[in-house]
Amino acid sequence: MTTIFETISEPIARRATAGLVRIGHVLRSRAWKGATPEGVTPTQGHALGLLREAEGGLSLGAIAALLGVSAPTASDAMSTLASKGLVDKAPGDRPRSINLSLTPQGEALAERTGAWPDFLTDAVETLNDAEQAALLRGLVKLIRAMQVKGDIPLQKLCVTCRYFRPNVHPEPEAPHHCALVDAPFADRHLRLACGEHQQADDDSFYEQWR
Ligand code: SF4
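What counts and how
- Residues numbered from 1 in each chain as written.
- Predicted model: local features only at pLDDT ≥ 70, side-chain atom pairs only at ≥ 80, totals over all residues.
- Heavy atoms only, no water.
- Near = heavy atom within 4 Å.
- 1 Å grid on protein atoms, 1.4 Å probe; cavity = no way out; pocket = protein on both sides within 12 Å on 5 of 7 lines; lining within 4 Å.
- Sits in = over half its atoms within 2 Å of the grid points.
- Nonpolar A, V, L, I, M, F, W, Y, C, P; charged D, E, K, R; others polar.
- Domains from an automatic or database assignment.
- Contact = heavy atoms within 4.5 Å.
- Salt bridge = Lys/Arg side-chain N within 4 Å of Asp/Glu carboxyl O.
- Polar contact = N/O pair within 3.5 Å; in protein donor to acceptor, adjacent residues only side chain to side chain.
- Helix = DSSP H or I, 4+ residues; strand = E, 2+ residues; numbered from the N terminus.
- Buried < 20%, exposed > 50% of the residue type's maximum accessible area, 1.4 Å probe, protein only.
- Patch = residues over 30% accessible without salt bridge, like charges linked within 9 Å, V, L, I, M, F, W, Y side chains within 5 Å.
- Areas by Shrake-Rupley, 256 points an atom, 1.4 Å probe, with all protein chains shown as cover.
- Pairing = 2+ DSSP bridges.

**A look at the site of the ligand**
Taken together, Cys158, Cys161, Tyr163, Phe164, Cys178, Leu180, Arg191 and Cys194 make up the full set of residues adjacent to the ligand. Comparing atom positions with the cavity grids shows the ligand to sit within the second largest pocket. In terms of residue class, the shell around the ligand is made up of seven nonpolar, no polar and one charged.

Shown next, in the form of structure tokens:
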């Protein structure tokens, strides 16, 4: 059945993008509010969150790549955090490299500022299980598409991991397999930032999953 809405509606991709942009505005404004008392910018707050997730710290290059900023910008942000006593700089594994990690004050601030997107988690939790799984699956595809075009830094997604084995089990509740931990899993378990992720050599696992 055709309906007048087919002609008067903006394409769905545009309306969905408008929704994402609105959420992005709110996230940015909340990020500022969450970080302002400590005088930490959203980029610096993001860096604190990355360091909190990284066992043993990160190199400056890794932080720049994960933040999607240039090395000088990452260096400025890290110097500011170090001057506030939030980040420790130590010699890295390679000559002239620097390893960055959180000080106890940095850990405490990362924990506090890391809680600011909870309002969005609350909203996502209003979706039922199937809707949450579909949202996660859609987000994985969006992030991966932006990654391919260079619009987002490399992310540690299951679907681009060398250990990912999509759709190898007959059980619909857990059709995929992680060869690292040797365990089955489902779309609802897909990770966006796995610490054990190793980039796959090609897109074959992603294509089989998609
Ligand atoms: S190692 Fe991590 S990213 Fe890779 S498949 Fe297993 S859970 Fe996913």
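**Considering the domain arrangement of the protein chain**
As far as domains go, the protein chain holds domain 1 (13–113) and domain 2 (127–209). One C-alpha centre belongs to domain 1, the other to domain 2; they are set 24 Å apart. With six residues of domain 1 at the interface, the matching set in domain 2 holds four residues. On inspection of domain 1 and its partner domain 2, the count reaches zero salt bridges. Put simply, domain 1 and domain 2 have zero residue pairs in polar contact (both at pLDDT 80 or more) between them. Broken down by element, the side of domain 1 that touches domain 2 gets its largest block of residues, three residues, from helix H4 (residues 60–67). Across the side of domain 1 that touches domain 2, the residue classes tally to four nonpolar, one polar and one charged.

**What to know about the environment of Leu66**
Within the secondary structure layout, Leu66 lies in helix H4. Accessibility expressed as a relative area gives 23% for Leu66, which makes it partly exposed. Distance from Leu66 to Ala47, taken between C-alpha atoms, is 8.6 Å for residues 19 residues apart in sequence. Among all residues touching Leu66, those that are not within four sequence positions of it are His46, Leu50, Leu58, Pro153 and Leu154.

**Quick word on a nonpolar patch on the surface**
A cluster of nonpolar side chains, namely Leu20, Ile23, Leu135, Leu139, Leu142 and Met146, defines an oily patch on the protein surface of about 470 Å² accessible area. Per-element tally for the nonpolar patch: the top contributor is helix H8 (residues 129–148), with four residues. Within the secondary structure, Ile23 is located in helix H2 (residues 12–35).

**A look at the sheet that holds strand E6 (residues 183–185)**
Strands sit in the order E4-E5-E6 across an open sheet of three strands; the sheet is antiparallel. Lying at the two open borders of the sheet, with one neighbouring strand each, are strand E4 (164–165) and E6. Strand direction decides the pairing type here: E4 and strand E5 (residues 176–178), joined by two bridges, are antiparallel. By the bridge assignment for E5, Phe164 is matched with Cys178.

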